[in-house]
Amino acid sequence: MRTAAALVAVAVLLALPAVLNAYALTIFILILFYAFLAQAWNILGGYAGQLSVGHAAFVGVGGYTSAMLAAHWAVTPWLGMLVGAGLAAVLGAIIGYLGFRFGLRGFYFVLLTVAFAEVCRILVSNIDALGGALGLYITFTGDPRQFQFQDQRVYYYVALALTLLATGMAALIERRRFGIYLTAIRDDEGACEALGVDTFRYKMLAMVVSSFLTGLGGTFYAFYLFSLQPNTVFGIPLSVEIIIRPIIGGAGTLLGPILGSFILTPLAELSRQYFGQSGLHGAHLIVYGLLLVSVVLFLPHGAYPYLRRLFKRA
Amino acid sequence: MAVGLTLIFGVMRVVNFAHGDMMVWGMYLAFVLATRAGIDPYLSFAFCAAALFVLGVAVQRGLVDRIVDAPHEMQILLMLGVALVLENLALAVFGPEPARIRSALARLTWEVGPLYVDVARLVTFVVAIVLTLALWLFLFRTELGRLIRASADNPYGARVIGADVRRIYAAAFGIGAACVGAAGALVAPILPFQPTTGLSLSVTSFNIVIIGGMGSLVGAFVGGLLVSVAESLGAVFLRPSLKELFSFGLLILILLLRPAGLFGRRAA
Amino acid sequence: MTTRLTRRRFLTTAAAGTAVAGFPLPLRAQPTRFKIGAVHPVTGPLAEPGQACRLGAQMAVDAVNAAGGIKSKGGLELELVLGDTQTKPENGRVEAERVVTQGAQMLLGSFDSGSTNAMVSVAQQRRVPFLIDIAAADPITANVAKSVREGQQKVQYVYRNFPTGSGFGRGAVRYFTEIFAQAKVTPKRVVVMYCNDLFGQNQSRGFMAAYKAARPAWQVLEDEIIAWPEPPTDLSTEVSRLKSLKPDVIAPITRPASAQLLLPEIRKQRVESLGIVGPGSPGLYEAGQIAALGDDLEYVLTSVPWANFKNPRTAAVAEEYRKRSNGKTFDTNSGYSYDAVLLIADTLERAARLDDPEAIVAALRATSYTGGLMQYGGPIVFNELGDNPNAIPTMIQILGQKPVAVWPKEAAVQKLVFPRPKGG
C-alpha cells in the first residue's frame, strides 16, 4: 500500500513539467533541490542525531570544485560533480574525525560545524584564485556537456533524480542494520557504547555519506544559478535553510525532509510575494522563526509523523 | 555580553542562540531613546538592561521553560527560531540600513603619551568590569545568587531545599538578557549596527564563552579579552580580513582539546 | 495524499497571490502594453537601493507614457512587471521566470551581481532581451559575449548601461591623476583600503588594474593595501596600520557600515593626509551617512556614477523623486534605472518589430542615445561585450554637508577643494 502510494507520487512528479508553466516549474525545481539537500542532511542529522549547522560548507566545496574544474581545465561538470562531492566528503571526514574522536556531542558538535563552515567562508572570500568575495561567474552556454540545459525541464528531472537518489539512500539505510545503529546512537549513545557498538565508525559513515550527497548539490546550484558567492554558498543562512526543512517536516523520517521542503519553499515564495509588496523586509524569515519555535514546542517530531498519526486515526 | 551568555548556559544548560539578536534589540532601544528622547546611551544603558531583563524573563517563561528537559537539539532549534524572529522583526521595524548613535562622549580621545585612548571604549571597558564585579558579588554573596548557582549545580537538590527552580531560571535568563541589553547600549555609539549584526554577535559570544569556559564568569571575562587580542593580532600580522580566522581557529582548538574552556568546569 | 494537496493549494494560492499583488494574469497574449520585467532587491539587505531603482524605473515609465508612449508603434504604453530578489541569486532566477511567464518581453535589473547572473541564464534561455541597469561585475556581460563568439549561443541578449568594475577603476584613476595635477601635488603614498566583500574586492581590483596600466606619476603603496572584513566591528587596528604608513592620500572603498566606523576612527587617531579620495563606493555620500557622520564626511571625495545636474530635466526629475520617495535624493540607483527605461523606450521606437526578440536586440545594439539624465562621457552605445563604454563615474565631494559634483570640469557644479583644509 505504501509502495503504491509512493509510485503514484513519483509518477505525478514525473508528469508535472508537462502541465506547469516556467515560473511554477522553477519553484518546483527549488523545492526538489532543497528537498535533496534536506534529505542528505537527514542522514546525519535526522537518523544519526548529529546536528550539523555547517552543511553549507559541503555545498560550497562541491560547487566551487566543479566550477573551477570546468572553468580552468574544461572538465565536464558531470565528472566535476563527483570530484566536488568527493572533496566535500573529505571535509566531512575531517570534521567528523575531529568531532567524534574528541567526543564532541550535541551543542559542541554544532559549534564545530559552524566554525568550520565559517572558516571555509572566510578563506574562500580571501583567496583571489577562487574569485574571492566576488565569487565565480559561470558562462551560460546551454550545453548539456557542461551541465547546463537550454530547456528548464531537464533541470527539473535532474533535481528529481537527485532527490530520489538521496531518498533511496536514506530508505536503504533505514532498513539496514546501519540505520538501526544510527537511530540507536541518536537515542542513547552511551548505551550503545556500553553494548560494544563502534559508534565512531557508524557516525563517520553517516557523515561521509551526508557530506558527499550535499556536495553533489553544490554542483547543481552552481550550474543552475550560474554564480557562486562565498557568503551565499558557505553561509549560515544556507545551513539554516538546509536544516529547517527536515526539522519542520520530521527529522529521522523518510518523507520528513521532502514534506518540509514542499511546505517551506512555497511558503517563502508566497510570503515574499505578499509581504514584499508592502515592503515588509524579511517577513518570510519571521515566519520561519515562528514555525521553528512552534514546531519545537508543539510538534517536536516534525510535521510528517504528526500527519501520519492523524491519517492513521482517520 | 559573553558574561550574560555564560550565565544562561551555566545555570540552565540552555544554549541561547538568540543572544546576539537580543543585543541588537538593546542597541536599537538605546538608539530610539537617543534619537527620540535625547538620552545619551551612557545614561540609558541601565534602562536598556531592565527592558531586556523583562524580555529575557518573558522568553524564558513562555518558551524555554517548556523544553528545559528536552534534548539539547530542541533547545538549540528553539533559540534559533527566536533569533530568526528577533532579527527579522528588527529588520521590519528599523529597516536594513546601519544605524549609529552619536554620543558626545564617543568623539573624545585622550592623549596618553604616544598613545591615543578612545574614551568611549575606555568607559565601556570600565563599566564592563564594574558590571562583571557586580554580577560576581550578586552570585556569590546574595541569597538569590547562591540559589542560582545551586540550581545550576544540582537542580534536584535545589528543589529539595525548597527553591522555586522555575523562578530562578527566569531570573537567571533575565539577568543574562539584562547584561546583553547593557552591553548593547554601551557599544551602540561605537559600533554601527544593523539587524544582521545579531548573527556575528552571537557567534562572537559563543566563541568567547567556549574559550573561557561555559558557566564560569571569570572565564567569560578572560575569554573576551583573549578573543579581542587574538583578532587584533591577527589583523596586524595577517591580512585584517582574515582576523576572524584567528578566533575561529582558537575556537576549534579549544573545542577539541579542552571543551570545558580555560576556566570552565567539566560539563555534566 | 498530503503532498498533492499542498501542491494544488499552492498553485491556487499563488494565482490568488499574484492577483492580490495587482498584476493581471495573462489569459491570452494580448499585448496592449509592452511589459518590462523590473527585478530589484526591494526587500532584504539591499532594500534601500533596490527600492530606489524600482521607483526610478516606475517614474520613467510614467514619464514615457505621459509623453505619448512609443510613438512609432502607435503610442504603445510601457508597463512594469515588478520582481523582488531579496539579493538572493535563486530569487533572481525565480523572479525572472515569473515575470517572463506573466508576459514581460524585456528584463531590467538587478543591482547585485549574483542575482543578475542568474537572470542572464533566463534571458538567454528564453530569448528575452535583458538590460542591466545596475551591476558592476565584468564577467556578467563578458561571459555572454564570449559564449556567442565561441558559437555556444547564437545571440547576446544581455546588455549593460552602467560602469563595469574595470570602468570604475579607469575612471577613478583618471580623476585621481587630474585632481592631483590640478592641485599641483604628486602624492607618493596613496594608501588603498577596502571592505573585503564582493563589492569592495571588485572595486579595488578594478582600481589597481587601471592604476598599473596607466602608470601615473602619483603612487599607491602597492604592498600595503589594507582590507577589512565587512561588516566590521572595529577598525582601530586597521587605522593604526594606516597611520603608521604616513599616507599622503587615503583612498577607501567602503560600505555604509564600515564608513561609519572608518571616518571617525581616522579622526580619533589623528591620521593626517592631503585628503580622503575614494575610488568609488557607497557609504561616503548618502543622506543617511551624512546624518550619521556629520563633519567627518566633509571634504571627502568619491568617484561614483552621478546624475548630470547641469541638465535642466534632471532637476525636475530629482524634485519629483524627492516627493514620491518621501525626501530621498535622486542618485546613482534611481538615476540609472530611470535612464534604463528611457533607453528601452528609445530602443523600442527604433525596433523593426516588437514581437521578435532579435529585432529588439538589433535595435539595442545600434543605440546611440543622448537623452539620459546621468553623467556620461558621450552618447549611450554598446561595445562588443555589451557594455556602455561611455558610462562613467563622476567625482563628487561633500561640501557644506551636501554631495556635489566637482570633477570633471564639464560636470562640476562647485569648485573642488583639495588638499583638504587643515583643521577640517
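Model, not experiment: these values are computed from the prediction.

> Would you mind going over the overall build of chain C with me for this structure?
Assigned secondary structure in chain C consists of 13 helices and 12 strands. What you see for chain C is a C-alpha radius of gyration of 22 Å, in line with the 22 Å of a compact globule of 424 residues. Along the three orthogonal principal directions, the C-alpha set of chain C runs to about 70 × 55 × 50 Å. Per-residue burial over chain C gives 64% buried out of 424 residues. In chain C, the share of contacts with a sequence separation of at least 24, taken over all contacts with a separation of at least 6, comes to 72%.

> What exactly am I supposed to notice about the packing of helix α2 (residues 22–47) of chain A against helix α11 (residues 236–249) of chain A here?
When two helices pack together, you describe them by how their axes are tilted relative to each other and by the distance separating the axes. Residues and elements named next belong to chain A. Interhelical geometry of α2 versus α11 gives an angle of 75 degrees and a closest axis separation of 8 Å. The orientation of α2 with respect to α11, classified from their angle, is roughly perpendicular. Where α2 abuts α11, its residues Tyr 34, Leu 37, Ala 38 and Trp 41 lie against Leu 238, Glu 241, Ile 242, Ile 243, Arg 245, Pro 246 and Ile 247.

> Any chance you could explain the environment of Arg241(C) here in plain terms?
Residues and elements named next belong to chain C. Structurally, Arg 241 can be placed in helix α8 (residues 236–244). On the basis of relative accessibility, which here comes to 23%, the residue Arg 241 falls in the partly exposed class. It is 23 Å that separates the C-alpha atoms of Arg 241 and Leu 198, two residues lying 43 residues apart in sequence.

> Help me out: how do you make sense of the pairing of strand β6 (residues 190–195) of chain C in this one?
In regular strands, side chains alternate between the two faces of the sheet. All names here are of chain C. Among the 6 residues that make up β6, 6 are buried, leaving the element largely enclosed by the rest of the structure. Taking every second residue as pointing to the same face, both faces of β6 are buried, with Val 190, Val 192 and Tyr 194 on one and Val 191, Met 193 and Cys 195 on the other. In the sheet, β6 pairs with strand β8 (residues 249–253) via 5 bridges, with the strands oriented parallel. Looking at β8, one finds that Met 193 is bridged to Pro 252. As judged from the 3 bridges shared by β6 and strand β7 (residues 226–228), these two strands associate in the parallel manner. Looking across to β7, one finds that Cys 195 is bridged to Trp 228. One crossover worth recording links β6 to the parallel β7 by way of helix α7 (residues 198–214), and it is right-handed.

> Looking at this structure, I do not really get unusual backbone geometry. What am I missing?
Outside of glycine, negative phi angles account for most residues, and trans bonds account for most peptide bonds. Residues and elements named next belong to chain C. Ser 110 follows Gly 109 through a cis peptide bond whose omega is -15 degrees. Within the secondary structure layout, Ser 110 lies in strand β3 (residues 106–110). With omega at 0 degrees, the peptide bond leading from Phe 418 into Pro 419 counts as cis. Residue position: Pro 419 is located in the segment after β12 (402–407). One non-glycine residue, Lys 184, adopts positive backbone phi at about 60 degrees. Along the chain, Lys 184 turns up in the loop between α6 (165–183) and β6.

> Looking at this structure, how should I read empty space enclosed by the protein?
Summed over all chains, the structure comprises 10 cavities of 30 Å³ or more. Estimated volume of the largest cavity: approximately 160 Å³. Of all the secondary structure elements, the ones that give two or more residues to the lining of the largest cavity are α2, α11, α12 (256–277) and α13 (283–298) of chain A together with α3 (89–101) of chain C. If you tally residues by element for the lining of the largest cavity, the top one is α12(A), at 4 residues. Split into classes, the residues belonging to the lining of the largest cavity amount to 6 nonpolar, 4 polar and 6 charged.

> Is there a simple way to think about a nonpolar patch on the surface in this case?
Residue and element names in this part refer to chain A. Nonpolar side chains collect at one region of the surface, where Val 83, Leu 87, Val 90 and Ile 94 lie side by side and expose about 310 Å² of accessible area between them. Mapped onto the elements of the fold, Leu 87 is located in helix α4 (residues 77–101). Accessibility expressed as a relative area gives 41% for Leu 87, which makes it partly exposed.

> So what exactly am I meant to see when it comes to the interface of chain A and chain C here?
Accessible area lost upon the coming together of the parts is a frequently used measure of interface size. Counting from both sides, the interface comprises 55 residues of chain A and, opposite them, 50 residues of chain C. Both sides together, the interface formed by chain A and chain C hides about 4,700 Å², and carbon and sulfur atoms give 62% of it. Remark: the boundary between chain A and chain C carries 12 residue pairs in polar contact (both at pLDDT 80 or more). When residues of the side of chain A that touches chain C are traced back to their parent elements, those giving at least two are α1 (2–15), α2, α5 (106–126), α6 (152–175), α9 (199–225), α12 and α14 (303–313) of chain A. Ranked by the residues each element gives to the side of chain A that touches chain C, the list is headed by α12(A), at 9 residues. Of the residues in the side of chain A that touches chain C, the class split is 30 nonpolar, 20 polar and 5 charged.

> Would you mind showing me how to read the side chain of Asn143(C) here?
Tracing the chain through its elements places Asn143(C) in helix α5 (residues 139–149). Asn143(C) gets classed as buried once you look at its relative accessible area, which sits at 12%. Among the polar contacts listed, one links the side chain of Asn143(C) to the side chain of Thr139(A), at a separation of 3.5 Å.

> What am I meant to see in the sheet that holds strand β4 (residues 130–134) of chain C here?
Strand pairing in a sheet takes place through backbone hydrogen bonds and is either antiparallel or parallel in direction. Residues and elements named next belong to chain C. Ordered in space as β2-β1-β3-β4-β5, the 5 strands form an open sheet in which the pairing is parallel. Since the sheet does not close on itself, it has two edges, and those belong to β2 (77–84) and β5 (158–160), each with one partner. Mean inter-strand twist for the sheet, computed between neighbouring axes without regard to direction, equals 25 degrees. Inspection of the sheet shows β3 paired to β4 by 4 bridges, in the parallel sense. Bridging across to β4, Leu 108 finds its partner in Leu 131. Packed onto the sheet, helix α12 (residues 332–350) meets β1 (33–40), β2, β3 and β4 and runs at close to 155 degrees relative to β4.

> Can you help me understand the nonpolar core in this one?
The tendency in soluble globular proteins is for nonpolar side chains to be buried as a group. Counting 128 residues, the largest nonpolar core has Leu91(A), Tyr156(A), Leu182(A), Leu213(A), Phe220(A), Leu228(A) and Phe234(A) as its most contacted members. Among residues more than four places away in sequence, those in contact with Phe220(A) are Ile29(A), Phe33(A), Phe147(A), Tyr155(A), Val158(A), Ala159(A) and Leu162(A). If you look at the next biggest cluster of nonpolar residues, it comprises 54 residues, including Leu55(C), Tyr157(C), Ala363(C) and Phe382(C).

> I would appreciate a short explanation of the pairing of strand β9 (residues 275–278) of chain C in the present structure.
All names here are of chain C. Residues Gly 275 and Val 277 point to one face of β9 and Ile 276 and Gly 278 to the other, with burial holding for every one of them. Both β8 and β9 contribute to a ladder of 2 bridges, which runs parallel. Across the sheet, the residue bridging to Ile 250 is Ile 276, located in β9. Each parallel crossover has a hand, and for β8 linked through helix α9 (residues 256–268) to β9 it is right-handed. Where β9 meets strand β10 (residues 301–304), 2 bridges bridge the pair, whose relative direction is parallel. Among the inter-strand pairings, Gly 278 is bridged to a residue of β10, identified as Thr 302.

> Help me out: how do you make sense of the packing of aromatic side chains in this one?
The relative placement of two aromatic rings is captured by the distance of their centres and the angle of their planes. A full pass over the atoms with the stated rule returns 33 aromatic pairs over all chains. An angle of 80 degrees between the planes, with centres 6.0 Å apart, marks the rings of Tyr97(A) and Phe200(A) as edge-to-face. Taken together, the residues Tyr97(A) in helix α4 and Phe200(A) in helix α9 connect sequence positions 103 residues apart. For the ring pair Tyr211(C) and Trp218(C), a centre distance of 5.4 Å and an interplane angle of 40 degrees mean the geometry is tilted. In terms of burial, Tyr211(C) and Trp218(C) fall into one category: buried. Ring pairing ties together the aromatic residues Phe33(A), Tyr34(A), Trp78(A), Phe147(A), Phe149(A), Tyr155(A), Phe220(A), Tyr221(A), Phe223(A) and Tyr224(A), which thus form one cluster.

> Teacher, can you tell me more about the side chain of Thr302(C) here?
Along the chain, the position of Thr302(C) falls in strand β10. Dropping the residues within four chain positions of it, Thr302(C) is found in contact with Gly278(C), Gly280(C), Ser281(C), Leu284(C), Tyr285(C), Thr394(C), Met395(C) and Ile396(C).

> It is not clear to me how α2(A) should be interpreted in this structure. Could you clarify?
All names here are of chain A. Compared with an ideal rise of 1.5 Å per residue, which puts 26 residues at 38 Å, α2 spans 35 Å between its outermost C-alpha atoms and is within 8% of the ideal. Taken as a whole, α2 carries its principal kink of about 45 degrees at Trp 41. Counting buried positions along α2 gives 26 out of 26 residues, so the element sits mostly inside the fold. Taking the backbone nitrogen of Tyr 23 as reference, a side-chain oxygen 3.1 Å away marks Asn 21 as the first, capping residue of α2.

> Sorry, what's going on with the pattern of salt bridges here?
In a structure, side chains of opposite charge can pair up when their charged atoms sit close to one another. For the coordinates displayed, the defined rule picks out 21 salt bridges over all chains. In this structure, Glu95(C) and Arg98(C) form a salt bridge, with 2.9 Å as the shortest nitrogen-oxygen distance. Of this pair, Glu95(C) and Arg98(C) both sit in helix α3, 3 residues apart, roughly one helical turn. Accessibility expressed as a relative area gives 1% for Arg98(C), which makes it buried. For Glu97(C), the salt bridge identified is with Arg126(C), shortest N-O distance 2.9 Å. A residue pair is termed long-range when its members are at least 10 positions apart, and Glu97(C) in helix α3 and Arg126(C) in helix α4 (residues 113–126) qualify at 29 residues. Given a relative accessible area of 31%, Arg126(C) falls into the partly exposed group. When salt bridges with common partners are traced through the structure, they connect Glu241(A), Arg245(A) and Lys88(C) into a single cluster.

Parameters and conventions
- Residues numbered from 1 in each chain as written.
- Chains lettered and ligands numbered in written order.
- Predicted model: local features only at pLDDT ≥ 70, side-chain atom pairs only at ≥ 80, totals over all residues.
- Heavy atoms only, no water.
- Helix = DSSP H or I, 4+ residues; strand = E, 2+ residues; numbered from the N terminus.
- Rg over C-alpha atoms; globule rule 2.2 N^0.38 Å.
- Buried < 20%, exposed > 50% of the residue type's maximum accessible area, 1.4 Å probe, protein only.
- Contact = heavy atoms within 4.5 Å.
- Axes fitted to C-alpha atoms, helices over the stretch in contact; angles between N-to-C directions.
- Parallel < 35°, antiparallel > 145°, perpendicular 65-115°, else oblique.
- Pairing = 2+ DSSP bridges.
- Right-handed = clockwise from strand over helix to strand, strands pointing away.
- 1 Å grid on protein atoms, 1.4 Å probe; cavity = no way out; pocket = protein on both sides within 12 Å on 5 of 7 lines; lining within 4 Å.
- Points joined across faces, edges and corners; volume = space filled by probe spheres on them.
- Nonpolar A, V, L, I, M, F, W, Y, C, P; charged D, E, K, R; others polar.
- Patch = residues over 30% accessible without salt bridge, like charges linked within 9 Å, V, L, I, M, F, W, Y side chains within 5 Å.
- Areas by Shrake-Rupley, 256 points an atom, 1.4 Å probe, with all protein chains shown as cover.
- Salt bridge = Lys/Arg side-chain N within 4 Å of Asp/Glu carboxyl O.
- Buried area = accessible area lost by both parts, 1.4 Å probe.
- Polar contact = N/O pair within 3.5 Å; in protein donor to acceptor, adjacent residues only side chain to side chain.
- Core = buried A, V, L, I, M, F, W, Y, C linked by side-chain atoms within 4.5 Å.
- Phe/Tyr/Trp six-rings, centres within 6.5 Å; stacked < 30°, edge-to-face > 60°.
- Expected span 1.5 Å × (residues − 1).
- Bend = angle between axes of the 7 residues up to and from the residue.

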